[in-house]
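The primary structure of each chain is shown beneath.
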Amino acid sequence: FSPPGGGGGVAGAFLSELPKPGRGVLGSGECFVFTLAPEEKVYRWREPQPKVFCCCEPTKLNIGGGNAGYALRIDECLDVGSSSACETFATEGSLFDSEHFNIASVEIIMFR
């Protein structure tokens, strides 16, 4: 995900399962979130962190979780998102410069 203008950074996630609304929490310890800009960093799940990898709601895609918030939360149109501290991946705050952001581009790659 990349906010408009590219000044806010580039971040993303690897999901071990295809998100599907209404299936509850999906994924496994293979899931992770990452930033590519302004710095490259990977945030992985480790025991005993919560196993809230991905949850797909009808209007939101939530990646990571726990009591603090979501590492990435994307709306149904893929144009608005938020990022905050997340227990699952031990992120200390937003993956971007601010908690709420507009999305300039989305790239999805699927492996079979």
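As shown above, the structure is provided for reference.
Everything in this summary refers to the structure shown in the same document. Along each chain, numbering runs from 1 in the same order as the chain's sequence is written. The model is predicted, so local features are restricted to residues of pLDDT at least 70 and side-chain atom pairs to those at 80 or more, both for listing and for counting; the totals for chains, interfaces and linings are taken over all residues. Side-chain measures here rest on the full set of heavy atoms in the structure, leaving out hydrogens and waters.

Brief notes about the overall build of the protein
Note the cut-off: Each helix corresponds to a stretch of at least 4 residues labelled H or I by DSSP, and each strand to a stretch of at least 2 residues labelled E; elements are numbered beginning at the N terminus. Each radius of gyration is computed over the set of C-alpha atoms, and the globule rule expresses the reference value as 2.2 Å times the number of residues to the power 0.38. Relative accessible area decides the class of each residue, using a 1.4 Å probe on protein chains only: under 20% of the type maximum gives buried, over 50% gives exposed, and in between gives partly exposed. When charges are counted, Lys and Arg are positive and Asp and Glu negative, with His and the chain ends excluded. We put the charge of a Lys on NZ, of an Arg on CZ, of an Asp on CG and of a Glu on CD.
Each helix and strand in the protein was counted, giving 0 helices and 9 strands. Going residue by residue from the N terminus, the α and β elements of the protein occur as β-β-β-β-β-β-β-β-β. For the protein, whose C-alpha radius of gyration is 13 Å, the value lies close to the compact-globule estimate of 13 Å for 112 residues. Once the C-alpha set of the protein is aligned to its principal axes, its extents read approximately 35 × 30 × 25 Å. For the protein, the proportion of its 112 residues judged to be buried stands at 36%. Across the protein, the centroid of the 9 positively charged side chains sits 8 Å from that of the 14 negatively charged ones.

Let's talk about the side chain of T35
Just so we agree on the cut-off: Throughout this description, a polar contact denotes any pair of N or O atoms lying within 3.5 Å of each other; where both atoms belong to protein, one of them has to be capable of donating a hydrogen while the other can accept it, and for residues adjacent in sequence the pair is counted only when both atoms sit in side chains. We call two residues in contact when some of their heavy atoms are within 4.5 Å.
Inspection of the secondary structure puts T35 in strand 3 (residues 32-37). On the accessibility criterion, T35 (6% relative accessible area) is buried. A polar contact is formed between the side chain of T35 and the backbone oxygen of E39, at a distance of 2.8 Å. T35 has contacts with V10, A11, E40, K41, Y43 and L95, leaving out every residue within four places of it along the chain.

Quick word on the nonpolar core
Filter applied, for reference: Think of a nonpolar core as a cluster: buried Ala, Val, Leu, Ile, Met, Phe, Trp, Tyr and Cys residues, connected wherever their side-chain atoms sit within 4.5 Å.
Membership of the largest hydrophobic core comes to 20 residues, with the highest contact counts inside it found for V33, L72, F89, L95 and F96. Those elements that provide at least two residues to this core are strand 5 (54-56), strand 6 (60-63) and strand 7 (72-75). Other than its neighbours up to four places away in sequence, F89 contacts C31, F32, V33, Y43, R44, W45, Q49, F53, I63, G64 and A71.

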